[in-house]
Amino acid sequence: MDQAQNGLGQTWQNPLVGAVIVKNGQILAKGYHHRFGDKHAEIDAISHLKNEKAAIGATLYVTLEPCRHQGKTPPCVDKIIELGFKRVVVGQIDPNPLVAGKSVERMKQCDIQVTNLDNSKSMNLAYNFYYQNSRPLITLKYAMSLDGKINQRNGERTRLTGNDTFQDTQKLRLMNQAILIGENTLKVDNPQLTVRCNPTFPPLRIVLIRNAQKLDLQQAIFQSKGPIYILTSYENTQVLPENVHVLVDEAWTPKKIIHFLAQQGIQSLLIEGGSHIHANFIKSGLVDNLVVYIAPKLIGGTGLPSVWGQEIFEMMNFKIKQIVQLGADVKISARRVY
Ligand code: AOF
Ligand code: ZN
């Protein structure tokens, strides 16, 4: 798993995968999936053997079941069989229907001993979730005051949290393949929605604007690179920058948005706000994780609450996964339980 982590932030829609080759109690080679499109972890480890013949009778430890399909690279399982490995220990079965246990079967048929430790799923939560549920894993994030408000007054940007929280939200963006905001957040916060460290595969930026007939192209988001999808109910006739795509539907419900993202192969979505979008997604039951930053401030009065505008008829339950202090702020991460 340590090997796999080397690929963090670089593998995009592919999982993090690590591999180690062992013989006679000695590690002969290590490898990992470096980045999306590159060779797979097993092949990387094999490439570090002094001689491929050393694989004869050796054990291959790999955090994900090897693939058996021709993708951007040839099937790993063929190479494993060809080189004469005696034993293969996998960390989990690959939920990708192209693999899904079939490589394990194939190796067993070729008299390779196969053990599934089933201990590495937590490393690729969104990847596993996507294949199990045919939709992205949805995380809803907001920063609020001690009295549960996200903004001072409608129409004004309020900086509640400090720099440590800012750094953490950057990591959160990096861990998601798409980010969604609504038109109020676009207007009030004027965000770029970029990840400052310029990753190779930045998250897709999605903005829900009911009427996008006339976009304000001076806004920060339109000055930045990388694809932006505007989901709207009205055609836009402006000449738009090449990276801006307008998709029209009479009513972009959370369900339709998620369906669109699933079709794009997006495995994880971060919803950054505002409170109406939060409420709509919660109402639809489409929230899997919450990340809440609490700033030690009180707003009171007419401040905008974190979730506003839609009633939830049945209370939703979450399990707290983590509580950490970030500078003066507190971060709470929670996962939905049913
Ligand atoms: C492995 N080892 O290191 C990875 C695997 O488009 P491709 O060719 O890179 O294939 C992507 C699929 O391959 C991915 O969805 C998963 O099923 C498998 N990824 N498999 O044995 C690896 N990254
Ligand atoms: Zn492979």
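Computed from a predicted model, the values in this text were never measured in an experiment.

## Here's the deal with helix H6 (residues 163-174)
Okay, step 1: Here H6 is twelve residues long and its end C-alpha atoms lie 17 Å apart, about the 16 Å a rise of 1.5 Å per residue gives.
Okay, step 2: When H6 is considered as a whole, its buried residues turn out to be Thr165, Thr169, Leu172 and Arg173. Viewed end-on, H6 has its buried residues packed into an arc of 95°, placing them on one side of the element. Seen from the buried face of H6, the exposed residues on the opposite side, beyond 90 degrees, are Asn163 and Lys171.
Okay, step 3: Buried residues in H6 make contact with strand E6 (137-144), strand E8 (178-182), strand E12 (268-273), strand E13 (289-294), strand E15 (317-326) and strand E16 (329-337).

## Re the site of ligand 1
Okay, step 1: Lining the immediate environment of ligand 1, one finds 17 residues, of which Val17, His33, His40, Gly71 and Asn96 sit closest.
Okay, step 2: Classifying every residue of the shell around ligand 1 by side-chain character gives eight nonpolar, six polar and three charged.

## Things to note about the UniProt feature "binding site: substrate" (unreviewed entry) in the protein chain
Okay, step 1: Mapped onto this numbering, the UniProt entry annotates "binding site: substrate" (unreviewed entry) at Arg173, Leu193, Arg196 and Glu272.
Okay, step 2: By secondary structure assignment, the location of arginine 173 is in helix H6.
Okay, step 3: Take arginine 173: there are 22 C-beta atoms within 10 Å of it, and that puts it in the buried class.
Okay, step 4: Dropping the residues within four chain positions of it, arginine 173 is found in contact with Ile179, Val195, Pro203 and Leu270.

## Focus: the environment of threonine 59
Okay, step 1: Along the chain, threonine 59 falls in strand E3 (residues 59-62).
Okay, step 2: If we skip the residues at most four places from it in the chain, threonine 59 touches Val22, Lys23, Lys86, Arg87 and Val89.

## Quick look at the domain arrangement of the protein chain
Okay, step 1: In terms of domains, the protein chain is made up of domain 1 (1-124) and domain 2 (135-336).
Okay, step 2: Each residue belonging to the side of domain 1 that touches domain 2 can be placed in one class, and the counts come to two nonpolar, three polar and one charged.

## With respect to the pairing of strand E4 (residues 87-90)
Okay, step 1: In E4, alternate side chains face the same way, and those of Val88 and Val90 are buried while those of Arg87 and Val89 on the opposite face are not.
Okay, step 2: Inspection of the sheet shows E3 paired to E4 by four bridges, in the parallel sense. In the strand pairing of E4, valine 62 is matched with valine 90.
Okay, step 3: Read from E3 through helix H3 (residues 76-83) to E4, the crossover connection turns out right-handed.
Okay, step 4: As paired elements, E4 and strand E5 (residues 113-116) share four bridges and run parallel to each other.

Cut-offs applied
- Residues numbered from 1 in each chain as written.
- Chains lettered and ligands numbered in written order.
- Predicted model: local features only at pLDDT ≥ 70, side-chain atom pairs only at ≥ 80, totals over all residues.
- Helix = DSSP H or I, 4+ residues; strand = E, 2+ residues; numbered from the N terminus.
- Expected span 1.5 Å × (residues − 1).
- Buried ≥ 20, exposed ≤ 12 C-beta atoms within 10 Å, placed from the backbone.
- Arc of directions from axis to C-beta.
- Contact = placed C-beta atoms within 7 Å.
- Near = placed C-beta within 6 Å.
- Nonpolar A, V, L, I, M, F, W, Y, C, P; charged D, E, K, R; others polar.
- UniProt positions renumbered as here; feature names shortened; annotations may be inferred.
- Domains from an automatic or database assignment.
- Pairing = 2+ DSSP bridges.
- Right-handed = clockwise from strand over helix to strand, strands pointing away.

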